[in-house]
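Structural overview for review
Here are the chains, one letter per residue:
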Amino acid sequence: IEQLHEYNNDIHIHVIGPKEDTEYSDQVEQYAAARDYVFLDGECDRKDLIDKIQQHKYGIHGKEFEHFGMVVAEMIAGGTIPFVHNSGGQTDIVLNDDRLLYDDLEEAVQKARKVIDDSGLQQELAEMLTNSVHRFSKQTFQQQIRNIVLEEVNSGNNDWFRLYNPASWHSDSVCDFYSTSLVLY
């Protein structure tokens, strides 16, 4: 962030999230205290988080090997272009687009500067990401589940009936019912 701030004085960072590791948090607080462009917002409520995301053009997600990348999906949904570490599930959220992936801080700075300097590239990435994030919406998930259930019902396979007919349950199928019912809702 320091290099990006030197490059463009409007660039700043909001560090959002709970303070967990005291020693590390103390180091971050010392770092931030010496820089007027680093804001330690800590844990914030949902509305404040959404407001912060929507008020900024870019975001950086530094966690390596994130399982899914919910924060990255939230950034995109809020209109922010995220730069993410080239590991874990967050790479799928940005469609493995090399322009948004970095392996080290030097590469993150280089890629962020390239996007900051090119409004056409910003627009291209924003459109691509907006289309991408719809894959993870509640409505898309519900529609995909409906389609799967409808396809199964229309396939002529009557095994699904056992799920809704308690008289057909056997001791080993109750577990199948519960695990399957989680998918069907």
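Residues numbered from 1 in each chain as written. Predicted model: local features only at pLDDT ≥ 70, side-chain atom pairs only at ≥ 80, totals over all residues. Heavy atoms only, no water.

Let's talk about the confidence of the model for the protein chain
- Across the protein chain, the average pLDDT comes to 84, with 84% of residues at 70 or higher.
- The least confident element of the protein chain is helix H10 (residues 173–184), whose mean pLDDT is 38; the most confident is strand S5 (residues 101–102), at 98. (pLDDT = per-residue confidence, 0-100. Helix = DSSP H or I, 4+ residues; strand = E, 2+ residues; numbered from the N terminus.)

Looking at the packing of aromatic side chains
- Applying the stated criterion across every chain, the model contains zero aromatic pairs.
- For Arg35, the ring lying beneath its charged end belongs to Tyr31, and the centroid distance is 3.6 Å. (Phe/Tyr/Trp six-rings, centres within 6.5 Å; stacked < 30°, edge-to-face > 60°. Lys NZ or Arg CZ within 6 Å of the ring centre and 35° of its normal.)

A closer look at the pattern of salt bridges
- Throughout the structure, instances matching the rule amount to eight salt bridges.
- With its nearest N and O atoms 3.1 Å apart, the salt bridge here joins Arg35 to Glu2. Of the two residues, Arg35 sits in the loop between helix H2 (22–33) and strand S2 (38–42) while Glu2 sits in helix H1 (residues 2–7), which places them 33 residues apart along the sequence.
- With its nearest N and O atoms 2.8 Å apart, the salt bridge here joins Asp51 to Lys47. You can see Asp51 and its partner Lys47 sitting in helix H3 (residues 46–54), four residues apart, about one turn around the helix.
- Residue Lys47 is classed as exposed on the basis of its relative accessible area of 57%.
- Each of Asp97, Arg99 and Glu124 takes part in a single network of salt bridges with overlapping partners. (Salt bridge = Lys/Arg side-chain N within 4 Å of Asp/Glu carboxyl O. Buried < 20%, exposed > 50% of the residue type's maximum accessible area, 1.4 Å probe, protein only.)

Describing the sheet that holds strand S3 (residues 58–61)
- The strand order S3-S4-S5 describes an open sheet built from three strands, whose pairing is parallel. Each edge of the open sheet carries a strand with a single partner, namely S3 and S5.
- Pairing analysis gives two bridges linking strand S4 (residues 81–85) to S5, with the strands arranged parallel. Across the sheet, Val84 pairs through a bridge with Leu101, a residue of S5.
- Against the sheet, helix H4 (residues 70–77) touches S3 and S4, its axis set at about 175° to S3.
- Relative to the sheet, helix H7 (residues 119–133) contacts S3 and S4, its axis offset from that of S4 by approximately 80°. (Pairing = 2+ DSSP bridges. Contact = heavy atoms within 4.5 Å. Axes fitted to C-alpha atoms, helices over the stretch in contact; angles between N-to-C directions.)

Topic: the packing of H4 against H7
- In contact at an axis separation of 9 Å, H4 and H7 are set at 120° when each is read in the N-to-C sense. Relative to H7, the element H4 is oriented oblique. At the point where H4 passes H7, the crossing takes the left-handed sense. Note on element contacts: H7 touches H4 through Leu129, Thr130 and Val133, opposite Ala73, Ile76 and Ala77.
- Of the residues assigned to the contact of H4 with H7, the class counts are five nonpolar, one polar and no charged. (Parallel < 35°, antiparallel > 145°, perpendicular 65-115°, else oblique. Left-handed = near helix turned anticlockwise from the far one by under 90°. Nonpolar A, V, L, I, M, F, W, Y, C, P; charged D, E, K, R; others polar.)

Some points on the packing of helix H6 (residues 105–116) against H7
- Where H6 contacts H7, the two axes come as close as 6 Å, and the packing angle between them is 105°. Judged on the interaxial angle alone, H7 and H6 are roughly perpendicular. Taken together, the residues of H7 that come into contact with H6 (itself represented by Lys114, Val115 and Ile116) are Leu121, Gln122 and Leu125.
- Of the residues assigned to the contact of H6 with H7, the class counts are four nonpolar, one polar and one charged.

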